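The chain contents come next:
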2 protein chains.
Amino acid sequence: MAQATIRDVADYAGVSRATVSRVLNNHPYVTEDVRTRVEDAMRHLGYHPNRAARRLRAQSSDVMGLIVPDIQNPLFQSIVRGVEDAAYNNGMNVILCNTDDNPDKQEAYLRVMQAEQSAGLIVVPTHPGDGRVLAPVREAGIPIVFLDREVDDFEADTVKVDNVRGAYLAVRHLLSLGYKRIAAIAGTQYLTPGYERLRGYYDALNECGIPVDERLVKFGNFRIDSGRALAQEFMQSPHPPDALFVSNNLMTLGALRGLHEMGIVIPDQVALVGFDDMPWAGDLNPPLTAVAQPGYELGQQAVELLLKRLEQPNAPYRKVIMQPRLVVRGSCGAA
Amino acid sequence: MAQATIRDVADYAGVSRATVSRVLNNHPYVTEDVRTRVEDAMRHLGYHPNRAARRLRAQSSDVMGLIVPDIQNPLFQSIVRGVEDAAYNNGMNVILCNTDDNPDKQEAYLRVMQAEQSAGLIVVPTHPGDGRVLAPVREAGIPIVFLDREVDDFEADTVKVDNVRGAYLAVRHLLSLGYKRIAAIAGTQYLTPGYERLRGYYDALNECGIPVDERLVKFGNFRIDSGRALAQEFMQSPHPPDALFVSNNLMTLGALRGLHEMGIVIPDQVALVGFDDMPWAGDLNPPLTAVAQPGYELGQQAVELLLKRLEQPNAPYRKVIMQPRLVVRGSCGAA
DNA sequence: TTGAAAGCGCTAACAA
DNA sequence: TTGTTAGCGCTTTCAA
């Protein structure tokens, strides 16, 4: 059985194709009688409008693209769920693209999205220089919303968390517990979360009048391995820190693993606070104190921005900053 | 700037639209000269072929649908990655749909996929009765590959793990360590993994001549909460088990949490083995012994089956069973 | 309130 | 080797 077309429905119902189209699109000026006849025909034939045709004709679509670096990262999972639910509630569908933080892959997906006539894009960009590839997409009429990270010289609607404050909360908490030598495992500095979280770390120290010791800051790449390596470097140094602030979830997991490998007891020998909470953070050994980002809500908010933009293409750009929350568990020595 | 069309390219290059199309599709019989002229024009105009039009014309697409119950479940994450990578390598794109194990949501997504003229579907069905909604999709010419779960009265290409053997391995391991009263937290019995894993549990007991004690089997729903509740029920019973076999990752996480809440020490007071490994299973407290499914490979295999099916629509259905692996860590008392 | 007809961007059969 | 032409399924004037 081949797919039924609008013509089949029209023939079956004894009306014109235009009328079927009107029923499909809830136009006024269709008699109740005709409407039911057409609807019966659709049901009978198992008709589904062909989206390719619709899109071709309407020059628009009900698909939005969501471009994220890593779907295995719990933060992006929550975000994806938030985006999907919000899109679903607004009758739109989501195409999920995973870039692995690889600009080439991102570019390929952008091409796909453009060719698909996607209605809009929610993007966690791989690099601040991505404006070069993003600009043509926007010029082709596809609006872009940034999530979590920003891009140089490219204004756009943006949703992110207050990274500075999140890091500040974490480090303040450690200070309030009496830790003196708090080390930071910082993330990729060219990415928004990377430098903002480091700034929060500095802010907290400054506020308490603690001089910054540059040997207590090391830079990783937001992945598991670098967390592990840097935590071990810190603990093997002649004068190791008494607490560790780690700038994202994966590096925190790595640090945890690295410390375990060295037989270091947390928080007795070193306290640990991570950025990004995870559903199972309380089941880790020890339960992890972490700065929680509202991932689901970030995703929802991004969809809202996109929908607003679709309605009002020329409205001024909005930037929404959401507040993170410190979740205190055992790894900082307070619980 | 509006999207450039094939006509613009043709005009710019001074050739016909058909020729541009030929260049686009790598047809033979295009002179090198013309080809380069057309390619220059495309580059110059920033041309991307319109997929809606292509699809409308070709009556086929390069998009495959992937329908999974829960993208926050680490197993499905690995699967998604496997599917995406394999699809990507074959020039196809993946639309990811999250059903929450909700048949209505699944049905909605099936409608979308059908209307999108998706080339094929990889489905983790929500229910054995899903054949009713799946059959019309397949009849409309969209092949379906099952992943992880099967559906009644609906033959199709299928990829899954050897659940019986996985569970068997886990329970055998516990038996070999000397545990006598091994309880099972079983999963939803109408789902393939649910009953197969329970069978593996029975098989292992039978093989060792251990009589089955029905009080040592409780049924959950594969979610966190039921794992927590059932673990606690077991441990509060007058004659608690000395080991726990839990049928999936989420319930294992729940059991872990429940046991912690009761102050029970694992594995000293009760050993724990879960089905499904997780990237951070070694960082849990205690490190978790688990049956590892090759999620990534399952995903890749599913894509292969789908591509084969696309080539040969009438070939006999294939069922691929992949082997799981027991990863021994601390929670079973062996490491 | 409905129908006829044109055309969205692309591909493929046929002709040249 | 290239161009002409018809048409994929749908929406939208315009006319009736």
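As the structure is a prediction and not an experimental result, all values here were calculated from the model.

1. A few points about helix α8 (residues 163–176) of chain B
All names here are of chain B. An ideal rise of 1.5 Å per residue puts 20 Å on 14 residues; α8 measures up with 20 Å between its terminal C-alpha atoms. α8 sits mainly inside the fold: 10 of its 14 residues count as buried. Of the residues flanking the end of α8, it is G178, one or two places downstream, whose phi is positive at about 100°.

2. Some points on the interface of chain A and chain B
With 47 residues of chain A at the interface, the matching set in chain B holds 47 residues. Roughly 4,600 Å² is buried in total at the junction of chain A and chain B, and carbon and sulfur atoms are behind 51% of that figure. It is R81, Y88 and D283 of chain A in chain A that bury the most area against chain B; as a group they hold 14% of the surface buried on that side. Here chain A is connected to chain B by eight salt bridges. Across the salt bridge formed by R81 of chain B and D70 of chain A, the nearest N and O atoms sit 3.3 Å from each other. Where chain A touches chain B, the interface holds 13 residue pairs in polar contact (both at pLDDT 80 or more). When residues of the side of chain A that touches chain B are traced back to their parent elements, those giving at least two are α4 (51–58), α5 (74–89), β2 (93–98), α6 (103–115) and α11 (249–261) of chain A.

3. Structural notes on the packing of aromatic side chains
Counting across every chain of the model gives five aromatic pairs over all chains. Seen in terms of ring centroids, W280 of chain A and W280 of chain B are 3.4 Å apart; in terms of plane orientation they differ by 10°. Their pairing is stacked. With one member in each of two chains, W280 of chain A in the loop between β9 (271–275) and β10 (289–292) and W280 of chain B in the loop between β9 (271–275) and β10 (289–292) form a pair that bridges those chains. Classification of W280 of chain A as buried rests on a relative accessible area of 7%. Of note, R138 of chain A hangs over the ring of F154 of chain A, and the distance from its end group to the ring centre comes to 4.0 Å.

4. Here's the deal with the sheet that holds strand β3 (residues 120–123) of chain B
All names here are of chain B. Pairing within the open sheet is parallel, and its six strands lie in the order β2-β1-β3-β4-β5-β11. In the strand order of this sheet, the two ends are held by β2 (93–98) and β11 (319–322), each with one partner. Along the sheet, successive strands turn relative to each other by an average axial angle of 15°, direction set aside. Pairing of β3 with strand β4 (residues 144–147) involves three bridges; the strand directions are parallel.

5. Focus on the environment of D268 of chain B
Residue and element names in this part refer to chain B. Residue position: D268 is located in the loop between α11 (249–261) and β9. Given a relative accessible area of 66%, D268 falls into the exposed group. For D268 and G333, which are 65 residues apart along the polypeptide, the C-alpha to C-alpha distance reads 7.3 Å.

6. Structural notes on the protein's contact with DNA strand C
Inspection of the region around DNA strand C gives 26 residues, with T19 and R22 of chain A together with I6, Y47 and R57 of chain B positioned closest. The share of sugar and phosphate among atoms of DNA strand C within 4 Å of the protein is 64%. Note that a phosphate oxygen of DNA strand C is positioned 2.4 Å from one of the side-chain N or O atoms of T19 of chain A. At a separation of 2.9 Å, a phosphate oxygen of DNA strand C approaches a polar backbone atom of N50 of chain B. For the surface near DNA strand C, the elements supplying multiple residues, two or more each, are α2 (17–24) and α4 of chain A together with α2 (17–24) and α4 (51–58) of chain B.

7. Looking at unusual backbone geometry
In this model, N285 of chain A is joined to P286 of chain A through a cis peptide bond whose omega is -5°. Tracing the backbone through its elements, the reader meets P286 of chain A in the loop between β9 and β10. Positive phi, close to 60°, is recorded for Y29 of chain B, a residue that is not glycine. You can see Y29 of chain B is positioned in the loop between α2 and α3 (32–45). One non-glycine residue, D101 of chain B, adopts positive backbone phi at about 60°.

8. Looking at the relation of the copies chain A and chain B
Superposing chain A onto chain B requires a rotation of 180° together with a translation of 0.0 Å along the rotation axis, leaving an RMSD of 0.1 Å. Put plainly, the chains are arranged around a two-fold axis. The overlap is high: 100% of the interface residues of chain A also sit at the interface in chain B, so the same surface is used on both sides.

9. Points about the protein's contact with DNA strand D
Close to DNA strand D lie 26 residues; I6, Y47 and R57 of chain A together with T19 and R22 of chain B are nearest. At the protein interface, 62% of the atoms of DNA strand D within 4 Å belong to sugar or phosphate. The contact in question runs from a phosphate oxygen of DNA strand D to an N or O atom on the side chain of R54 of chain A, over 2.6 Å. In this structure, a phosphate oxygen belonging to DNA strand D sits 2.6 Å away from a side-chain N or O atom of T31 of chain B. If you list the elements that add at least two residues to the surface near DNA strand D, you get α2 and α4 of chain A together with α2 and α4 of chain B. Sort the elements by how many residues they give to the surface near DNA strand D and α2 of chain A lands first, with five residues.

The rules we used
- Residues numbered from 1 in each chain as written.
- Chains lettered and ligands numbered in written order.
- Predicted model: local features only at pLDDT ≥ 70, side-chain atom pairs only at ≥ 80, totals over all residues.
- Heavy atoms only, no water.
- Helix = DSSP H or I, 4+ residues; strand = E, 2+ residues; numbered from the N terminus.
- Expected span 1.5 Å × (residues − 1).
- Buried < 20%, exposed > 50% of the residue type's maximum accessible area, 1.4 Å probe, protein only.
- Contact = heavy atoms within 4.5 Å.
- Buried area = accessible area lost by both parts, 1.4 Å probe.
- Salt bridge = Lys/Arg side-chain N within 4 Å of Asp/Glu carboxyl O.
- Polar contact = N/O pair within 3.5 Å; in protein donor to acceptor, adjacent residues only side chain to side chain.
- Phe/Tyr/Trp six-rings, centres within 6.5 Å; stacked < 30°, edge-to-face > 60°.
- Lys NZ or Arg CZ within 6 Å of the ring centre and 35° of its normal.
- Pairing = 2+ DSSP bridges.
- Axes fitted to C-alpha atoms, helices over the stretch in contact; angles between N-to-C directions.
- Near = heavy atom within 4 Å.
- Least-squares fit on C-alpha atoms with pLDDT ≥ 70 in both.

Just distances and angles here, no functional claims.
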